[in-house]
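# Tertiary structure, described
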Amino acid sequence: MVRSHRFERPQRRYALLRAADGNYLGTLDGRSFDRLGHADDKSIWERVDGGFRHVLTGFDLGVESAATGVVRVAGTGGAGAGDTFTVERGPATLPSQCLSDFRANGWVCLTAILDAGTVEALERVACTGRWSEHTFDEHTPPLLQDPAVARVAAEPVSLWLARQYLQTDAVRFAHAPSIKVLARDDGRRDVQGWHSDFPYLWGSPAWLGGDRVPAGHAGGPVLGVQRNVCISPFTEIGGATCFRLGSHALGVGPPRDWGIDADYAQPGYRAAHGLPYSGPQAEVIEAPAGSIILYDARTWHRAGVNRTEPRRAAMLQAITPMFILPFKDTSGPYRAFVDSPLAVQLTARERREIDELLVHRIVGPLGSHPIATLEALRGKT
């Protein structure tokens, strides 16, 4: 029987105050304030009567006026006096505590961190939930279907956590953001077997580059973090990702008798052998729509089996240090995105993040040189 870690929708959560350029109002000492391009404890606020209180320092930020989701900072305290900020949904737990949990366990869940409007936009792309009567467009990259995809790709708390866990600010996407949709299982269709994610790929078929990083990599630098965005609610019966949590620390891939992906990728294997291992060592993370699950890429896992009528959707991103060769060329989706009308709908911070995450570069004494198959990118620095 699969074990479940269930996260309920938080009753209270912190707030982020976003400036027009997309950076966040923050402070370390409660006296000098800055606009931060990331969201750690320094940029976390909680609502109080008359304004917002900085969680780290206890500084009270007065608000002169408040429209729907927008505040104008009062002149007291000299903290961005008169500036206007958009109030964004923040995490339910301080980023520092999330990072502590991530490092201790190899995974963390940011529960329902995305707002309802963003979740619906992702549902529209995935053709699930309120948009389930539509047909999912498998041929157009999600990045080109709605600006919400890029906004979620640049989500600041999960990116900060990934960078801290990987111990470098220079991280990249190993592939452009993708969306995976699971329809109701019919008892016969092929399913995914147990594997580890990019760049390790332990248990993956050879045509995917299986066992790309030699097994035994339990120590040393971490080479990958996977970020799964729950577009649909993740439940065990609805096909939530199945994990062997803690397996990242073992330094080996999943055992063959669990049913590895190299075997289950063969057409008809499921019909002949049944489902992969689903015993007591298997676990699922059940979380509301809009949650973001981060986990060490070495963790054994497989796609769940959806036993419900609604389709289950997730947005997937593999995050690696910049020195790892990407899984797929990201220059094409990046170039198409920046040339589309969607790019101008992002803030300056979001555009900067998308550029950083999708353009792989070598930086040296002669400047910054993109690694790309597109000639149009070769002159970009």
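Going by the structure above, here's the rest.
About the thresholds
Residues numbered from 1 in each chain as written. Predicted model: local features only at pLDDT ≥ 70, side-chain atom pairs only at ≥ 80, totals over all residues. Heavy atoms only, no water. Helix = DSSP H or I, 4+ residues; strand = E, 2+ residues; numbered from the N terminus. Rg over C-alpha atoms; globule rule 2.2 N^0.38 Å. Buried < 20%, exposed > 50% of the residue type's maximum accessible area, 1.4 Å probe, protein only. Contact = heavy atoms within 4.5 Å. Areas by Shrake-Rupley, 256 points an atom, 1.4 Å probe, with all protein chains shown as cover. Core = buried A, V, L, I, M, F, W, Y, C linked by side-chain atoms within 4.5 Å. Pairing = 2+ DSSP bridges.

Helices and strands together make up the secondary structure of the chain, namely 9 helices and 20 strands. Taking 381 residues into account, the globule formula puts the C-alpha radius of gyration at 21 Å, and the chain, at 21 Å, falls close to it. Its C-alpha atoms put the chain at 70 × 50 × 45 Å along the principal axes. By the burial criterion, 51% of the 381 residues in the chain qualify as buried. Across the chain, every contact between residues at least 6 apart in sequence was considered, and the portion connecting residues at least 24 apart equals 74%. When the accessible area of the chain is evaluated, it comes to approximately 16,700 Å², of which 52% is carbon and sulfur surface.

Here the focus is the nonpolar core. Counting 61 residues, the largest nonpolar core has Leu114, Leu122, Leu161, Met315, Phe337 and Ile354 as its most contacted members. In terms of residues, this core owes the most to one element, helix 4 (residues 156-166), which gives 7 residues. Among all residues touching Phe337, those that are not within four sequence positions of it are Leu143, Leu144, Ala150, Leu342, Ala343, Leu346 and Ile354.

For the rest of this paragraph, the subject is the pairing of strand 18 (residues 312-321). Across the 10 residues that make up strand 18, a large majority, 10, are buried. Bridging between strand 11 (residues 171-173) and strand 18 involves 3 bridges; their strand directions are antiparallel. In the sheet register, Phe173 faces strand 18, and the bridge partner there is Ile319. Pairing analysis gives 5 bridges linking strand 12 (residues 178-182) to strand 18, with the strands arranged antiparallel. Each residue of the ladder has a partner; that of Ser178, found in strand 18, is Leu316. When strand 13 (residues 225-230) meets strand 18, the two strands line up antiparallel, connected through 6 bridges. The partner of Arg227 across the bridge, within strand 18, is Gln317.

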